[in-house]
Amino acid sequence: MAFVLTFLLRRLSQGIVIVLLVGFVIFSLLRIVPGDPVRIMVGPMATEEQVEQIAEELGLRDPLPVQFGRYLSDLARGDLGNSFIKATSGASVAGGRDDGSAARAQVLDLIVAAIPFSALLAGLGVLLALIFSIPLGIAAGLYPNGWIGRATFAISSVFVSLPNIWLGILLILIISVQLGWLPAIGYKGVAYAVLPAIVLAVELSAVIVRALASSVAATMQENFVQAGIVRGLTMRHMITHHVLRNSAIPMLNLFGAQLGGLLLGSLFVVEYIFNYPGLGLLTVNAVFQRDFPVIQGVAILTTAVLVLINILVDLISAGIDRRLQY
Amino acid sequence: MSATRRSFLKSGLALGGIAATSQLSAPFVRTALAGQSSNSVIFASGEPLTGNWDPTSHTILGQINFEGYVFGRLTKTPMRPENPSEIQYELATGHKVISENILEWTLRQGITFHNGKPFKAEDVKATFEYASQPGKSAWYPGPVDVEIVDDYTVRLNTENHGYPATAYILLASFLPIMSAEDIADGAISQTPNGTGPFKFVEQRGDETIMAAFDDFHEGRPIIDEFRFAYMGDANTRVLALLGGEADIIERLEPEQHDTLAERDGVRVKRTVSTENKYLHFRCNKAPFDDVRLRKAVCHAIDRDLITEILGAAGHASSSYVSPVKLGGSDIANYPTYDPEESQRLLAEAGYPRGNGLPELEYITSTGFYPKTKEYGELITALLQEQGFNVKLTVLETAAWLERIYQPESGEAPGHLVDVGWATGSPEPDLVLRPMWHSSQSLITGFEDAEVDAALDAQQAEGDPAARLKLIEEGVMPKLADKVPSLSLFTSVLIHGMQSNLEGAYFYPNGPIDLSKASYT
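Residues numbered from 1 in each chain as written. Chains lettered and ligands numbered in written order. Predicted model: local features only at pLDDT ≥ 70, side-chain atom pairs only at ≥ 80, totals over all residues. Heavy atoms only, no water.

## Comments concerning the nonpolar core
Put simply, the rule is: Think of a nonpolar core as a cluster: buried Ala, Val, Leu, Ile, Met, Phe, Trp, Tyr and Cys residues, connected wherever their side-chain atoms sit within 4.5 Å. For the exposure calls, accessible area comes from a 1.4 Å probe over protein chains only, and a residue counts as buried if that area is under 20% of its type's maximum, exposed if over 50%, partly exposed in between. Helix numbers and strand numbers start at the N terminus; a helix is a DSSP run of H or I with at least 4 residues, a strand a run of E with at least 2. Residue contacts are counted whenever heavy atoms from the two residues lie within 4.5 Å of one another.
Within the largest apolar cluster, 137 residues are counted, with the highest numbers of intra-cluster contacts made by Y320(B) and F388(B). Considering each element in turn, this core owes the most residues, seven residues, to helix α12 (residues 292–320) of chain A. Leaving out residues up to four positions away in the same chain, Y320(B) has contacts with N276(B), Y278(B), I331(B), Y334(B), V431(B), W436(B), M476(B), L479(B), A480(B), V483(B), S485(B) and S487(B). Residues F113(B), A121(B), A131(B) and Y168(B) belong to the second largest nonpolar core, which totals 32 residues.

What follows is the structure, encoded as C-alpha cells:
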C-alpha cells in the first residue's frame, strides 16, 4: 500500500509538470503561428479598430507570460475559458460583427459533450482490434515459423501501410455507398461509430498483432516453459496459465502508448473524415478556425489522459510483476 | 442423433445469438437509420452558421445561404447571364424612382412573418434604417431615411446622406426583411423570424432544422423539412451525398464534379457565380505603384491556361465583375496574354527582362477556393518566364485572411494577392467600390481620381440603361487601362444533389430556392 501511495504521489507530481509544460508549448505556438483568431471571429469586413478592440477585450494583446498566467489561474478554478468560435447553440459565432461573447460556449462544455462520442469510437476501435489481434497474435507467437506466423506478419505489414484517410474513404464507398450496410457520415446512433472504428482497429491491429506475437514467441523460449512441461504440466496449461500472463506486461505498456496514439492521431483524422462529432472533429475545426481556447483545452486534457494512462499501465505492470519498480 | 444437456444449451445459445443479432442488426442498417422523413432535404454546407441570427451582423456566405430559406426580400434577382439585372418582385409589388434621392416601393399585402405578425411598411422602414447604419453592414452605401406613406408604401430617402436612393434598386434583393418588433427588442439576434418558405425550428449541434412555413405567400413548400448541416470537408460532403446522408451538397472540387457527373442517382449543377477571382496588386507601394509594371504582369499571364486548370469550377471572363452582374460583359481593352508587350513594358519601366526588380511575394490560399495553389504555381511560372522574381506564398485560410487587407497604418504584406469577391446581388458597386474606389480600396490601396469620378458618376445615375452605359464605357475601360487588379476568371458554383430532387433554383451567390422543390 505504501508503495502504491509513494508511486502515485511521485508519478502524479511528474505528470502535472508534463501537462504544464505541454500546455505552455501549445499556448505559445498558437500565438506564434500566423492567423489572427479575432479576424476570423469578426469576419473579413470588420475594421482594424474593431479587431483590435475585441483582441484587447480578450486579452490577446497582452504579453505571453501574462496571458499564460491568467490561463493557469482560470485553469486552477476548473475554467478552460470560452470558445472563440463555437456558440452554446452548437453553431459558430465566427464572422459576426460583434464578438458574440454572450453566446460563446464554455470549452469544458464542448469537451464534455464530445468525449462520449470519442470514447465510444475509441472503445469500439480497441475492442475490434483486440478481437482481431489477440487470437491471431497468440497463434503467430506460438507458431512463428509456420504459415500462421508468416500470414500474420504479412497482414500486419499491409495494415500498418494503409493510410487511414484512404481506408476511411474506401470503406465509406464500399460499405456505405455501394452496399448500404452501414451509415458513415455524422452521428445519429451507435451504427455510425462502426465504420470509423474499423479504420481505427485496422491501424491498431497491425501494431498489437506484431507485439503480441513477438512477446508470446519470446516467452515461449523462456526456461520456465520447458521446466513446466518436464514437471508434467500440459502445454495448454502452460500457455493459458503462464505464457500469456508473462506476455501481457509488454502488451500493457504498448497499450498505454497506443491509446495515446488513438487520442492524439488517428482519432482526429478519422473523426474529421467521417464528420463524427467527437474530440477529433472539434479539435481539427478549432485548428482551422484558430479557436485557441478549444485547442488548449483539448491539448491539456489529452496530455493529462496520456499521463494518467501511462501511470495506470505502470501500476498494473508492477502489480503483475513485483520486480518492476517504476 | 441424441440431444444432451450440453448440446441443448449450445443450440439455445446459438439461437439466442441469432435472435439478438437480428434485433441488433436493424440499427446497423443504414437505411433504417436515415433519421429523416422521406420529404426532408439535408443540405451539407461547407461553412457553419453563426450563433447570431441578425442578417446584418456577418459576412458569412453560409449564413447568407441560410437566410435565403428563412427571410423574404423586397425583390428577387435570378442573375441569369442573359439578363443580369432582371428583377422579380417578392415582398414588393413595384418600385418607382420619384427623384434621384427618393425611391418608392409598394408592398405586397396579406403576408405574415413566421411568428404570425403581419408584414407592413414599418418592417421595411425598420430593416432599411437598421441595416444601413454606418458600420452596421458592409453591403450598403450609407444611411437611408425611410418614410411610411401608408401600411403598404414606403419611400427611401437619401437626400441627407449624399448618395442616390437608386443604389437600393438592385440591393433590395439582397437585404432580408426583418420584423420591426424583432429589431426593436433585439430578438433578431436570438431567433431568425422571416417571411421565407421555411421557418426555423431549432439548432442541434452543427445542424439547423427548419420546417415548411404553412402560410408562405407563394404557397406552402412541398418539402416538409429542411436541414442545414455543416460538413467542413469536401470529400465528406461528396460521400454523404453518395451515401444518401445529404441531399444537396455545395462547393465541389472540379474533379468531384466530373466524378459525380458520371454516377447514377446523383447529378451536378454548375452555376456561373457572382464571384470573380482577382490577382490584386498592392498599388500603394513599389514596384506596383507603377502602372507599367502592373500591365507587364497582366500581359505575362495566359488566363486560358488558368481556366483549363480550373475545369468545371471556372468560367472565362474578361471583366472586373461577373457576367451575372450589371455591367459584367467582356471589356474591349482588357489585357491579354502578350509576352512581347510584357517585355516592352518591363524595359520601359526600367527593368529589362525583370533585371533590378525586387523579390515579389505572391500570396494565395489553400483549402478555401478551388485550385488556388495549382494556378498560383502556374502564374508564378509564367511571371518568372518573363523575368519577374516571384515567390509564391501559399497560406491556409486563417493565415491568408489575416494578410489580405490593407492595414490602417503601415504597409500591407506581399505584392500580389489572390482574393475572390462574392456578393449577393447584380449590383456591381458591391464589388467596384470596396475594391477600387479610393475611399475604400480594401486590398489594393489603389487611389485614382479618374476611376473615383467614373464610379461616382455611374452610382448617381438613376436610369438603369444610362447607368449600364456609364459602367461599360466609363468605369470598366478605365480599370482595364490602369489595372489595379487583374480579374482572372469567374467562379462557378458546383452543387451535387440527389437526381430525384427537382425544382430547386440555384442563385449565383449560393442560396437555393427550394420553395417549389420536390422529390419525383
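There's more to say after this.
## A few points about the sheet that holds strand β6 (residues 145–150) of chain B
Residues and elements named next belong to chain B. What counts, and what does not: Note on pairing: two strands pair once DSSP finds at least 2 bridges between them. Here an angle of 0 to 180 degrees is reported between the N-to-C directions of two axes, which are lines fitted to C-alpha atoms, with helices fitted over the stretch in contact.
One open sheet accounts for four strands, arranged β4-β5-β7-β6; its pairing is antiparallel. Here the strands that pair on one side only, and so sit at the sheet edges, are β4 (92–99) and β6. Adjacent strand axes in the sheet meet at a mean angle of 20° when their direction is disregarded. Bridge count between β4 and strand β5 (residues 102–107): six bridges; the pairing is antiparallel.

## Points about the domain arrangement of chain A
All names here are of chain A. Cut-off, in case you're wondering: Segmentation into domains, and thus their bounds, comes from an automatic or database assignment. Summed over both partners, buried area is the accessible surface (1.4 Å probe) that two parts give up on being assembled. Within this document, salt bridges are pairs made up of a side-chain nitrogen of Lys or Arg and a carboxyl oxygen of Asp or Glu, the two lying within 4 Å of each other.
When cut into domains, chain A gives domain 1 (2–106) and domain 2 (110–320). Each of domain 1 and domain 2 has a C-alpha centre, and these two points are 31 Å apart. Counting from both sides, the interface comprises 32 residues of domain 1 and, opposite them, 23 residues of domain 2. Both sides of the domain 1 and domain 2 interface together cover about 2,400 Å² of buried area, and 76% of this is carbon and sulfur. Looking at the side of domain 1 facing domain 2, the largest losses of area belong to R11, V19 and L30, adding up to 21% of the total buried there. On the surface where domain 1 and domain 2 come into contact, there are one salt bridge.

## Quick notes on the pairing of strand β1 (residues 40–45) of chain B
The two faces of the sheet receive side chains in turn, since in a regular strand these alternate between them. All names here are of chain B. Extensive coverage of β1 is indicated by the burial of six of its six residues. The alternating pattern of β1 places S40, I42 and A44 and V41, F43 and S45 on opposite faces, both of which are buried. Relative to strand β10 (residues 225–230), β1 is paired through six bridges, and the arrangement is parallel. By the bridge assignment, I42 is partnered in β10 with R227. Relative to strand β11 (residues 248–249), β1 runs parallel, the two being bridged by two bridges. Of the residues in β11, the one forming a bridge with F43 is I248.

## Description of the pairing of strand β16 (residues 416–421) of chain B
Residue and element names in this part refer to chain B. Within β16, six of the six residues are buried, which leaves it mostly tucked inside the rest of the structure. Bridge count for strand β12 (residues 266–281) against β16 is six bridges, and the pairing is antiparallel. Its bridge partner lying in β16, L279 is registered against D418. As judged from the two bridges shared by strand β14 (residues 360–366) and β16, these two strands associate in the parallel manner. Residue I363 lies in a different strand from β16, and its bridge partner there is V417.

## Points about helix α8 (residues 254–261) of chain B
The α-helix advances 3.6 residues per turn, and as a result positions three or four apart in sequence lie on the same side. Residues and elements named next belong to chain B. Convention followed: Here, the arc refers to the directions that run from the helix axis to the C-beta atoms.
Those residues of α8 that sit buried are P254, Q256, H257 and L260. Seen end-on, α8 carries its buried residues on one side only, within an arc spanning 160°. Tucked inside the fold, the buried residues of α8 contact α7 (234–242), β11, β12, α10 (303–310) and β17 (485–498).

## Some details on the pattern of salt bridges
The tally for this structure, following the rule as stated, stands at 34 salt bridges over all chains. Among the ionic pairs, D314(A) bridges to R11(A), the shortest N-O distance being 2.6 Å. Here the residue D314(A) occupies a position in helix α12, and R11(A) occupies one in helix α1 (residues 2–32), the gap between them amounting to 303 residues. Across the pair, exposure class does not vary: D314(A) and R11(A) are buried alike. The structure contains a network of salt bridges with shared partners spanning K76(B), E218(B), D513(B) and K516(B).

## Things to note about α7(B)
Residues and elements named next belong to chain B. Here is the rule: Polar contacts, as used here, are pairs of N or O atoms within 3.5 Å; protein pairs need one atom able to donate a hydrogen and one able to accept it. Residues neighboring in sequence count only if both atoms are side-chain atoms.
The buried fraction of α7 amounts to eight of the nine residues, a majority that puts the element mostly inside the structure. Taken together, the buried positions of α7 are A234, T236, R237, V238, L239, A240, L241 and L242. You can read the cap of α7 off the contacts: a side-chain oxygen lies 3.3 Å from the backbone nitrogen of N235, and it is on D233. With its phi angle positive at about 80°, G244 sits one or two positions after the end of α7.

## Topic: the environment of A286(B)
Secondary-structure assignment places A286(B) in the loop between β12 and α9 (291–300). Once the C-alpha coordinates of A286(B) and L360(B) are considered, the two residues, 74 residues apart in sequence, prove to be 10.0 Å apart.

## Brief notes about the state of the cysteines
Here a disulfide denotes a covalent bond joining the sulfur atom of one cysteine to the sulfur atom of another. Residues and elements named next belong to chain B. Inclusion rule: Note on disulfides: each one is a pair of cysteine sulfur atoms within 2.5 Å.
The full count for this structure, using the stated rule, is zero disulfides over all chains. With no disulfide partner, C298 has as its closest neighbouring cysteine sulfur the one in C283, 9.8 Å distant. Its relative accessible area of 1% is what places C298 among the buried residues.

## Side note on the packing of aromatic side chains
Residue and element names in this part refer to chain B. Let me state the cut-off plainly: Pairing of aromatic side chains here covers Phe, Tyr and the six-membered ring of Trp, requires ring centres within 6.5 Å, and sorts the geometry by plane angle: under 30 degrees stacked, over 60 edge-to-face, intermediate tilted.
Counted under the stated rule, the structure contains 28 aromatic pairs over all chains. Ring centres 6.5 Å apart and planes at 20° place the aromatic pair F43 and F226 in the stacked group. Remark: F226 occurs in strand β10 and F43 occurs in strand β1; sequence separation between them is 183 residues. An identical accessibility class is assigned to F43 and F226; each is buried. Each ring, one from F198 and one from F226, has its centre 5.7 Å from the other, and the planes form 40°; the classification is tilted. Separated by 28 residues along the polypeptide, F198 in strand β8 (residues 198–204) and F226 in strand β10 bring together distant segments of the chain. You'll find F198 and F226 in the same group, each marked buried. An aromatic cluster is built from F43, W53, F66, Y69, F198, F200, F226 and F228, whose rings are joined through pairwise contacts.

## Regarding the confidence of the model for chain B
All names here are of chain B. What counts is decided by this rule: For every residue, the predictor states its confidence as a pLDDT score lying anywhere from 0 to 100.
Of all residues in chain B, 92% attain a pLDDT of 70 or more, and the chain-wide mean is 89. Looking over chain B, one finds the lowest element-wise mean pLDDT in helix α1 (residues 5–28), namely 45, and the highest in α9, namely 98. Contacts for the low-pLDDT stretch residues 15–36, under 50 throughout, to residues beyond four places or in other chains number 28 contacts. Interface confidence for the predicted complex, given as ipTM, is 0.72, next to a pTM of 0.79.

## Examining the domain arrangement of chain B
Buried accessible area, meaning the area lost when the parts come together, often serves as the stated size of an interface. Residues and elements named next belong to chain B. The line we're drawing: As a working rule, the residues Ala, Val, Leu, Ile, Met, Phe, Trp, Tyr, Cys and Pro are called nonpolar, Asp, Glu, Lys and Arg charged, and the rest polar, with Gly in that last group.
Considered domain by domain, chain B is made up of domain 1 (3–13 + 273–492), domain 2 (40–69 + 193–271 + 493–519) and domain 3 (75–189). Between domain 2 and domain 3, the C-alpha centre-to-centre distance is 25 Å. At the junction of the two partners, domain 2 supplies 26 residues and domain 3 supplies 25 residues. Ranking the residues of domain 2 by area buried against domain 3 places T56, N193 and T195 at the top, with a combined share of 31%. Along the contact surface separating domain 2 from domain 3 lie two salt bridges. For K76, the salt bridge identified is with D513, shortest N-O distance 3.9 Å. Remark: the boundary between domain 2 and domain 3 carries 10 residue pairs in polar contact (both at pLDDT 80 or more). Residue assignment for the side of domain 2 that touches domain 3 shows that the elements contributing at least two residues are α2 (61–70) and β8. Per-element accounting of the side of domain 2 that touches domain 3 gives the leading share, three residues, to β8. Residue classes in the side of domain 2 that touches domain 3 are distributed as nine nonpolar, 11 polar and six charged.

## What about a nonpolar patch on the surface?
Quick reminder of the rule: Without a salt bridge and with relative accessible area above 30%, a residue can belong to a patch; like charges are then joined within 9 Å and nonpolar side chains (Val, Leu, Ile, Met, Phe, Trp, Tyr) within 5 Å. Exposure was quantified through the Shrake-Rupley algorithm and a 1.4 Å probe, taking into account, for residues, occlusion by the shown protein chains and nothing else.
A contiguous nonpolar surface patch, about 500 Å² in accessible area, is contributed by W166(A), L170(A), I174(A), L179(A) and W181(A). With respect to the helices and strands, the residue L170(A) is situated in helix α7 (residues 164–178).

## Some thoughts on the side chain of E271(A)
All names here are of chain A. On the secondary structure map, E271 appears in helix α10 (residues 235–273). Among the residues examined, E271 registers a relative accessible area of 0% and is labelled buried. When sequence neighbours within four positions are dropped, the list of residues in contact with E271 reads S118, L121, Y276, G278, L279, G280 and L281.

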